[in-house]
Every structure is written in structure tokens, then in C-alpha cells.
Amino acid sequence: MGKGGRSDAQTKAKVVTKPSHRVNDEGAWVSPYNPLDPKAPALPSKGEIKACIPKECFERSYVHSMLFVARDTAMAAGLVYVTNMYLSTSLPENLLSVEALTWFLGWNLYAFWMGCILTGHWVLAHEAGHGAFSPSQTFNDIWGFVMHQALLVPYFAWQYTHAKHHRRTNNLVDGESHVPSTGEENGLGPNNERLSFYAVMHDAMGDGAFAAFQVFTHLVIGWPLYLLGLASTGRLGSDGKFLEDGEFMDHYRPGSKMFPAKIRGKIALSTATVLATMALLIKLSMDYGFVTVGLWYVAPYMWTNSWLVLYTWLQHTDPSVPQYGADEWTWVKGALSTIDRPYGIFDFFHHKIGSTHVAHHLFHEMPFYRADEATAALKAYLGPMGLYNYDPTPWYMAMWRIAKTCHYVEGIEGIQYYRSLEDVPRGRGSGKKMD
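Read on for a plain summary of the structure. (Residues numbered from 1 in each chain as written. Predicted model: local features only at pLDDT ≥ 70, side-chain atom pairs only at ≥ 80, totals over all residues. Heavy atoms only, no water.)

**Brief notes about the packing of aromatic side chains**
Next, step 1: Within the structure shown, the criterion is met by 35 aromatic pairs.
Next, step 2: Centre to centre, the rings of Tyr198 and Phe210 are 5.8 Å apart; their planes meet at 80 degrees, and the pair counts as edge-to-face. Here Phe210 lies in helix H7 (residues 207–219) and Tyr198 lies in helix H6 (residues 197–205), a separation of 12 residues in the sequence. The pair formed by Tyr198 and Phe210 is uniform in burial state, with each residue classed as buried.
Next, step 3: Ring pairs connect the aromatic residues Phe112, Trp113, Trp303, Trp307, Tyr311, Tyr343, Phe346, Phe348, Phe349, Trp395 and Tyr396, which therefore count as one cluster.
Next, step 4: Above the face of the Phe348 ring, Arg71 is positioned so that its terminal group lies 4.2 Å from the ring centre.
Next, step 5: Above the face of the Phe248 ring, Arg253 is positioned so that its terminal group lies 4.8 Å from the ring centre. (Phe/Tyr/Trp six-rings, centres within 6.5 Å; stacked < 30°, edge-to-face > 60°. Helix = DSSP H or I, 4+ residues; strand = E, 2+ residues; numbered from the N terminus. Buried < 20%, exposed > 50% of the residue type's maximum accessible area, 1.4 Å probe, protein only. Lys NZ or Arg CZ within 6 Å of the ring centre and 35° of its normal.)

Pasting the structure below:
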């Protein structure tokens, strides 16, 4: 996930001329757009794309958005009520009993489904940050702040970095969030020698174990690592300069290089509120017990974090989807590199953020409850040109494939495609390269 040193990577980049052979894996979805194909279509402008979408899709409603807040809150309250009726926060006396098994399964079911429901609140706050929640940005910021800060998200900090993620999607130099690391940053030498870091870890762990490790690092610890500036952040500070060795950009310090000086007050407010929320949780833990707070809040919170990282990971990552250096990147190229995927029942809880993500990345100011209609229009317009990405693979299978095949890119210039450490010869001294 992380980048293991950045200062030298930009000077040793090389342009990749073709996707990894992994795009030919049996049964694997392949993006219909290959910018290296001489027959690749000319890309439409943002205005041309927007013209295919009905104008009413951009109409925002206070009432409509607040009804979804009420719906999600009612589901959360109902789940708390039912759980409180049947489960106790006290540990069973006999941990090997049927009672203990019921207790364990019951609280895990609560954690999963409450985390699922709270992801809906998370998405609504995300909508507010984009300005898609209502016509008033003040109204948006109030509700977004409340919902995100309750989930320990520094609202204004993430609002800023996520906006950059949209402005620079799949930009290897100035992108933000899930920016691919290079082979060198992952510990590969100039001839694909396994010298350090993930390259050596993969060699020691093996393919399956390393893929499981990728899933763990993304879904369990990925979100806090990202907020702390320790993984998946961009390469450039707000001043447009590359970070030096040892520098990092976190979401908490007002002086972090991630933010311009003009929003430092907002960053301080977000951080102070996160600290206040954490202080409240500690106080509640001291009053009612750490197990109690862990069961009611922390466990669902972990599931919510997993969902949000899963979405941002899967919607922009695939061996057949290009990543662009600054010399090749354009806004339209980046936005059209987004992938829609099916999420089944979870679309209901998460407001279809994963199955209508292409529309969202093209026009983030569009309210989510219009995204289905917009997606149909985009598919009709972009599909015949081979510019609409929809991978029908079940999300859990796509996640495992990406964990096995999307580990690094070879450089940060030109057009790059993800490479897999599984295709690097095993052993530290090997020098043969594979496509």
C-alpha cells in the first residue's frame, strides 16, 4: 500500500508500452479502452459527456437528502434497539458454552450490519463534502461535518483531499488516494532484484499469503494509515513540489504539506473535533467499560472503514486500466478510468456509490439518487465508443484478483499499468524481467 521512499522514483521512471499479461487471465474482465491501441477512439470533452445526461439529474434537494439521513438513522436506531433486547455486553462466564457462541455470533452480526448502515451515513457526508447533498454548501458542511466527525473522519481535511482525488484521478504524480507505488518504492532493483520491503515480503510469504496481507492492510489498517499520511497519499505537496525523504502528509496537522495555508483553520477545527470525539469515547469506556464501547462503536466503525477503502480501491484499480504520468494525463482520461461494479444488496445501504461510480467521478456535484439515470445515459453514450468501464465480476472476487495482480507500476511517466509481484522471479538476485 505505502510508498517506500519517493525522492528518487521520479528520476528513474520509464514509459510502459503495454498492459501486464494478467489482462489475459481466463475469465477476467478487461477494460474496453486501451490508450495504446492505434484504433483507440478520440475522447470526448467533459462538456460533450455532460450533454448526454438529463439536466434534472443535477437537481439537488434538501428534503430528498434529509430523508435518506432519516432512513439510515432509523435503521441504525432499530438495530441498536433489537441488539440491546437480545444481547448483553457482559462476557459469558463460560467461554466454551452455547451461550458464548451465541454472544459471539450475535455481536459480530451487529458489528457487520451496523458498520454497513453507518457506511450509508459516511456516503451521505461524502455527498455533502462534494456539494451534492443540497443547493447550500453551508447546509452541506453542517451535516457533512456532523456525520463524518461522529465517525472520526476529519471532515474538512478529507473534503479537501478527496476533491483533489477527483481533480487528479489516476494521475501518478499529482493524484491523491490509492496512488500506485513504483517497483523501486516496493523494493525492486533496476533488474527486478528483490532488495527490500514488499518485494522481499512477497518472496517470503508466497502469493496467496501476500494477497491476504494486501486485503488486510487495505481493509483493516488502510484508512488510519492513509489519514496519518503513511500510505496511499500523493507525491506532491500543496505547493506542487515532490516530498523529500522522510516527509509525510497527514490529515490532522494544519501545517501538513497536504493543505494550503488558507484552510488551516478548518483543518484545526476538524482535528479538534476528532480529538474531542475520541475523548468522549474514552470517557464512556471508563464509565461503562472498554468492552461495551468496543462492541457498540469500535467494531462497527472498523467495518465502515473497510467498506470505504474497498470502494476507493476497487473503483480505480485493475490490471487493464491505465494510470497516467503528468505528460499523458488529462482530466477526461482520469475520470474515464473509473470502474463501476455490482455490489448486490449493499447498493441499498451504500447509496449505489460503487455501482454508479463512473457518473460520480465525472460529475461529483450530481446527487446520488439521480446517479442510476445518469449512469444509463453515460452507458448509452460512452459504451459504443468503448469508454465505459463496468466489471460484472462479484466484488469479493474482484478484490482478491486485484490483491494478487495490482502491486506496483514501473514508473510515474507516460502510460503505466499495474504489475504483480507474482510475475517477478523469486529470489533476491534474479534479474530477468517479465511482462
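**A look at the nonpolar core**
Next, step 1: Core analysis: the largest hydrophobic core is formed by 46 residues, its most contacted members being Trp223, Trp307, Leu310, Trp313, Leu314 and Phe346.
Next, step 2: Where this core is concerned, the elements lending two or more residues are helix H2 (62–86), helix H3 (98–130), H7, helix H8 (222–227), helix H9 (264–288), helix H10 (290–314), helix H12 (346–349) and helix H15 (395–405).
Next, step 3: Looking at which element gives the most residues to this core, the answer is H10, with 11 residues.
Next, step 4: With residues near it in sequence (within four places) discarded, Leu310 still touches Leu219, Tyr343, Trp395 and Met399.
Next, step 5: Residues Phe363, Met366, Leu378 and Leu382 belong to the second largest nonpolar core, which totals 22 residues. (Core = buried A, V, L, I, M, F, W, Y, C linked by side-chain atoms within 4.5 Å. Contact = heavy atoms within 4.5 Å.)

**Considerations on the environment of Phe156**
Next, step 1: Its place among the elements puts Phe156 in helix H5 (residues 155–167).
Next, step 2: You can call Phe156 buried: its relative accessible area is 11%.
Next, step 3: C-alpha of Phe156 to C-alpha of Glu193: the two residues are 37 residues apart in sequence and 42 Å apart in space.
Next, step 4: Dropping the residues within four chain positions of it, Phe156 is found in contact with Asp141, Phe145, Lys266, Ile267, Leu269 and Ser270.

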